[in-house]
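# Structural overview
Single-letter residue listing:
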Amino acid sequence: MQATVSSLAKHAGLSASRFRELFAENTAVSCRRVLVWMRLRRAVAVMSRGKSLTSAAHEADFADSAHRARALRAMFGITPS
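Residues numbered from 1 in each chain as written. Predicted model: local features only at pLDDT ≥ 70, side-chain atom pairs only at ≥ 80, totals over all residues. Heavy atoms only, no water.

## Remarks on the pattern of salt bridges
Enumeration over the complete set of coordinates arrives at 4 salt bridges. Linking R18 and E21 is a salt bridge whose minimum nitrogen-to-oxygen distance equals 2.7 Å. In this pair, R18 and E21 both sit in helix α2 (residues 16-27), 3 residues apart, roughly one turn of the helix. The partly exposed category is assigned to R18, whose relative accessible area is 36%. Among the salt bridges present, the one from E59 reaches R49, with a minimum N-O distance of 3.7 Å. Of this pair, E59 sits in helix α4 (residues 53-59) while R49 is found in the loop between α3 (31-48) and α4, placing the two residues 10 residues apart along the sequence. Salt bridges sharing partners connect three or more residues here, namely R49, K51 and E59. (Salt bridge = Lys/Arg side-chain N within 4 Å of Asp/Glu carboxyl O. Helix = DSSP H or I, 4+ residues; strand = E, 2+ residues; numbered from the N terminus. Buried < 20%, exposed > 50% of the residue type's maximum accessible area, 1.4 Å probe, protein only.)

Written out as structure tokens, the structure is:
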């Protein structure tokens, strides 16, 4: 199950907007950025088990390998290769 801002906010008993605001204030990082980071870590873990880039992207809840590659490039400035 993919964590979302809405699911995290609900768990904390806050609105999504208030949760995002408090998260950013307390961590100096956006909640969305952390969620993408978590998905990228999951994709790497899946690839380390020998699965294909496409399988890793899907298991980490990216639409496809290109989506994962764009997220990786946006976050770290690198490509998967």
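Now that the structure has been shown, the text picks up again.
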